[in-house]
Amino acid sequence: MLEKIIKIIEPINGVLYYPILVILLLVIGLYFTFRTKFLQVRLFKESINVVKEKPEEEGAVSSFQALMVSTASRVGSGNIVGISTAICLGGYGSVFWMWIVALIGGASAFIESTLAQIYKKRDENNKSYGGPAYYIEQGLKSRKLGIIFAISLILTYAVGFNMLASFNLQTSFMTYDFYDPKKTPFIIGLVLASITAICIFGGGDRIVKFTSTIVPFMGVIYILVAIIMIIVNISYMPSVFSKIFRDAFNFRAIFAGLASSSMMYGIKRGLYSNEAGIGSAPNAAASANVSHPVKQGLVQMLSVFIDTILICSATAFMCLSSGINPSEALSGAPYVQESLSTLLGNFGNYFISFSLALFTFTTLIGNLFYVDSNLSYIHKKTPSKTFMTVFRIFAVIVILLGAMSEVKLAWDISDLLMGIMALINLPSILILSKKSIDCLKDYEKQKKEGKNPVFVAKNIEIDDKLDYWN
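Because the structure is a prediction, the values reported are computed rather than measured.

Caption draft 1: Layout of the environment of Y92. Inspection of the secondary structure puts Y92 in the loop between α5 (77-90) and α6 (94-118). Considered as a pair, Y92 and K243 are 151 residues apart in the sequence and their alpha carbons are 6.1 Å apart. Y92 has contacts with I87, V240, K243, I244, D247, L320, N325 and P326, leaving out every residue within four places of it along the chain.

Caption draft 2: Structural view of the packing of helix α17 (residues 346-379) against helix α18 (residues 385-403). Put simply, α17 and α18 touch, their axes get as near as 12 Å, and they point 145° apart. Considering how the two elements wind past one another, α17 and α18 form a crossing that is right-handed. Between α17 and α18, the residues in contact are L364, L368, V371, D372, L375 and H379 and F387, M388, F391, R392, A395 and I399, respectively.

Caption draft 3: How the structure looks around the pattern of salt bridges. On inspection of all chains with the given rule, the structure shows 7 salt bridges. Among the ionic pairs, E444 bridges to R42, the shortest N-O distance being 2.5 Å. Remark: R42 occurs in helix α2 (residues 39-42) and E444 occurs in helix α19 (residues 407-448); sequence separation between them is 402 residues. Take R42: its relative accessible area is 35%, and that puts it in the partly exposed class. K141 is the salt-bridge partner of D464, the closest N and O atoms lying 2.9 Å from each other. Remark: K141 occurs in the loop between α7 (132-140) and α8 (143-171) and D464 occurs in the segment after α19; sequence separation between them is 323 residues. Of the residues examined, K141 reaches a relative accessible area of 60% and is grouped as exposed.

Caption draft 4: Quick look at α6. Its 25 residues place the ends of α6 35 Å apart at the C-alpha level, agreeing with the 36 Å of an ideal helix rising 1.5 Å per residue. A bend of about 35° at G105 is the largest found in α6. Across the 25 residues of α6, 23 count as buried, placing the element largely inside the fold.

Caption draft 5: Just the side chain of N283, in detail. One can find N283 in helix α14 (residues 282-285). Only 2.8 Å separates the side chain of N283 from the backbone oxygen of S280, close enough to count as a polar contact. Setting aside residues no more than four positions away along its own chain, N283 makes contact with G130, G131, P132, L153, F369, Y370, S373 and N374.

Caption draft 6: Expanded view of the packing of aromatic side chains. Counted according to the given criterion, the structure contains 21 aromatic pairs. Ring centres of F44 and F305 lie 4.8 Å apart, and the angle between their planes is 65°; this geometry places the pair in the edge-to-face category. Taken as a pair, F44 in helix α3 (residues 44-51) and F305 in helix α15 (residues 293-320) lie far apart in primary sequence, 261 residues in all. Here F44 falls in the partly exposed class, since its relative accessible area comes to 26%. Owing to a relative accessible area of 27%, F305 belongs among the partly exposed residues under this scheme. Taking the centre distance of 4.8 Å and the plane angle of 70° together, the rings of Y157 and F161 count as edge-to-face. Taken together, the residues span about one helical turn, with Y157 and F161 both in helix α8 at a distance of 4 residues. Within the aromatic cluster, the residues linked to one another by ring pairs are F96, W97, W99, F241, F245 and F317. Here the basic side chain of K120 rests over the ring of Y468, its NZ or CZ set 4.6 Å away from the ring centre.

Caption draft 7: Highlighting empty space enclosed by the protein. Tallied over the full model, the rule gives 2 cavities of 30 Å³ or more. Those elements that provide at least two residues to the lining of the largest cavity are α1 (2-35), α6 and α13 (262-274). Looking at the lining of the largest cavity, the element that brings in the most residues is α6, giving 4 residues.

Caption draft 8: A look at the nonpolar core. If you look at the biggest cluster of nonpolar residues, it comprises 138 residues, and the most contacted ones within it are Y222, I244, L298 and M318. Top element by residues in this core is α19. It accounts for 17 residues. In this structure, L298 is in contact with L39, L43, E46, S47, V50, F110 and Y443, ignoring residues within four places of it in sequence.

Caption draft 9: Structural detail: α15. Look at α15: 40 Å from first C-alpha to last across 28 residues, which is about the 40 Å you get at 1.5 Å a residue. Largest kink in α15: about 30°, centred on S313. For α15, a buried count of 24 out of 28 residues is recorded, marking the element as mostly surrounded by other parts of the structure.

Cut-offs applied
- Residues numbered from 1 in each chain as written.
- Predicted model: local features only at pLDDT ≥ 70, side-chain atom pairs only at ≥ 80, totals over all residues.
- Heavy atoms only, no water.
- Helix = DSSP H or I, 4+ residues; strand = E, 2+ residues; numbered from the N terminus.
- Contact = heavy atoms within 4.5 Å.
- Axes fitted to C-alpha atoms, helices over the stretch in contact; angles between N-to-C directions.
- Left-handed = near helix turned anticlockwise from the far one by under 90°.
- Salt bridge = Lys/Arg side-chain N within 4 Å of Asp/Glu carboxyl O.
- Buried < 20%, exposed > 50% of the residue type's maximum accessible area, 1.4 Å probe, protein only.
- Expected span 1.5 Å × (residues − 1).
- Bend = angle between axes of the 7 residues up to and from the residue.
- Polar contact = N/O pair within 3.5 Å; in protein donor to acceptor, adjacent residues only side chain to side chain.
- Phe/Tyr/Trp six-rings, centres within 6.5 Å; stacked < 30°, edge-to-face > 60°.
- Lys NZ or Arg CZ within 6 Å of the ring centre and 35° of its normal.
- 1 Å grid on protein atoms, 1.4 Å probe; cavity = no way out; pocket = protein on both sides within 12 Å on 5 of 7 lines; lining within 4 Å.
- Points joined across faces, edges and corners; volume = space filled by probe spheres on them.
- Core = buried A, V, L, I, M, F, W, Y, C linked by side-chain atoms within 4.5 Å.

This is the structure in structure tokens:
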């Protein structure tokens, strides 16, 4: 049965990612990069300054907290297992294509998150919310497309990504003597599902507070260990960079087997990790209280940098500097663990399992934060307590089942659902991008005048009736 499902999904993913999504991601990302005059580089320092700002209203979600929620979802098992899988199956060159997706994707992340701020809604408690479904409905005048997007996001995050995150965590325990393929995945899935249940039944505010506390801590520790690993094995680094660039531009090998090439694995796993352009982060971006939409666009651009250029690269260099050659047999957590064990011995296995547990847990919580927002969109209000209880029980069961799933099926389902989201969101933000670009011009004009930019919709000729910015 599972083999039949894989045989159906594989060819769909093949066409979906090449030529469709590869072209969309790169062409639209490059278009945004040129239209914003390379803001990923030009306004990088400004994005750091914006993160430090506090919200004007007491108790409102800050830029930093919104950044942590989106980073919590971005920074997950994909940063460890996804990158390891890309290297083991796609080769050294996949790291380069992962960087390209991140650099170009930073502009896409800016556009989509700025749009989410422009079209954000106000709830009965005077807090803001929104995301792609909302800017698709109001900006493109299509609630049907907004609902289709919302459904695809719910399936992607509550089912595809959460199953995969749970599965990836349990693979890190395969190196231990106590691992029993019949029992251990179930036990790990049960523990993870139980802890997640305790958190998600506590409400959204607890999600924001928890993620804003733990994400910076786990990210910094992980990067520090990677830096130590690189310093110890510094003699390997020239060879590592040489192999990355040589493999990345080996177009004969790439086009001979495109589906399994470094380019395709780098793009898929890079996109899975940083999520730039697929329409997830705008759900968190819309919740921030800022004086100008561009501020949160810059913050989400920074989140892509943190996720891919810092944490994914940390995993890649940690592995590639170890001297252990990547192989299909080591694909996933085992490659990272075996690489780190050359420096830390058995403690390396424990460290990766612990890091992966933290990364996975924050991913699950961040994902379900996005799901709640889109369930509210479909219902036109917060769903009833009974509905949310039933749905959250379902989401917890999915996490349990994910730990016991098969690797190929888990990745294929996630790739398919993620691809559908991107296929809806990318053309939508392309059509609406002029509003974000005009918004950027307004922001920079006010900055040049020495002001703290404050946005008024009519200044860039937005005539839509908005909940904010009037």
